[in-house]
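These are the residues of each chain, in order.
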Amino acid sequence: MRVRTAALVAAAVPVTVATAAVLLKAGHWELYADRHRIHLAPVARRSCPDCRGAGGRWVGGANPEMEPCGCWAERRELTLRLLPRPTVPCDEPPF
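Not measured: the values here are computed from a predicted model. (Residues numbered from 1 in each chain as written. Predicted model: local features only at pLDDT ≥ 70, side-chain atom pairs only at ≥ 80, totals over all residues. Heavy atoms only, no water.)

(A) Expanded view of the environment of R37. Within the secondary structure, R37 is located in strand β2 (residues 37–42). Distance in space between the C-alpha atoms of R37 and L83 is 7.1 Å, their sequence separation being 46 residues. (Helix = DSSP H or I, 4+ residues; strand = E, 2+ residues; numbered from the N terminus.)

As structure tokens, this is what we get:
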């Protein structure tokens, strides 16, 4: 029974990872994960008629700047904190 459960779990992990990768790519999200947080950030769409995947367009004038495209700039970033980030080590003075 335990061997069968372990085999099912071992088979489910790669399938879950592959499914998550496909969903992130289809939804145009970028995933960053470390031990302190999981961060999902929107990515520019290649099929966007305004920016064509560049993420923005140049606005002319005396000081040309890149204006972000709405295909990614108007979407929220999602962050899930996992562990608290250490601020100052306990054994060192602050200065």
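(B) Structural context of unusual backbone geometry. Phi angles above zero are rare outside glycine, and H28 is one such case at about 60°. Along the chain, H28 turns up in the loop between α1 (2–26) and β1 (29–33). Take H28: its relative accessible area is 22%, and that puts it in the partly exposed class. (Buried < 20%, exposed > 50% of the residue type's maximum accessible area, 1.4 Å probe, protein only.)

(C) Local environment of the sheet that holds β2. One open sheet accounts for three strands, arranged β1-β2-β5; its pairing is antiparallel. The open sheet terminates on both sides in strands that have one partner only, identified here as β1 and β5 (78–81). Looking at each pair of strands side by side, their axes are set apart by 10° on average, direction ignored. Of the pairings in the sheet, the one linking β2 to β5 comprises four bridges and is antiparallel in character. Bridge assignment links I38 to a residue of β5, and that residue is L80. (Pairing = 2+ DSSP bridges. Axes fitted to C-alpha atoms, helices over the stretch in contact; angles between N-to-C directions.)

(D) The side chain of H39, seen in detail. Looking at where H39 falls in the secondary structure, it is placed in strand β2. Not counting residues within four places of it along the chain, the set of residues in contact with H39 comprises E30, L31, Y32, E77, L78 and T79. (Contact = heavy atoms within 4.5 Å.)

(E) View of the nonpolar core. Of all hydrophobic cores here, the largest spans five residues; its members are A44, C48, C51, C69 and C71. Here A44 is in contact with H28, G53, G55, C71 and W72, once residues within four sequence places are set aside. (Core = buried A, V, L, I, M, F, W, Y, C linked by side-chain atoms within 4.5 Å.)

(F) Summary view of the packing of aromatic side chains. The full count for this structure, using the stated rule, is zero aromatic pairs. Cation over ring: R75 sits above W29, and NZ or CZ is 4.6 Å from the ring centre. (Phe/Tyr/Trp six-rings, centres within 6.5 Å; stacked < 30°, edge-to-face > 60°. Lys NZ or Arg CZ within 6 Å of the ring centre and 35° of its normal.)

(G) Expanded view of the pattern of salt bridges. If you walk through the whole model with that rule in mind, you get one salt bridge. Across the salt bridge formed by E67 and R57, the nearest N and O atoms sit 3.4 Å from each other. You can see E67 sitting in strand β4 (residues 65–68) and its partner R57 sitting in strand β3 (residues 56–59), a full 10 residues away along the chain. According to the relative accessible area criterion, E67 is partly exposed, its value standing at 36%. (Salt bridge = Lys/Arg side-chain N within 4 Å of Asp/Glu carboxyl O.)

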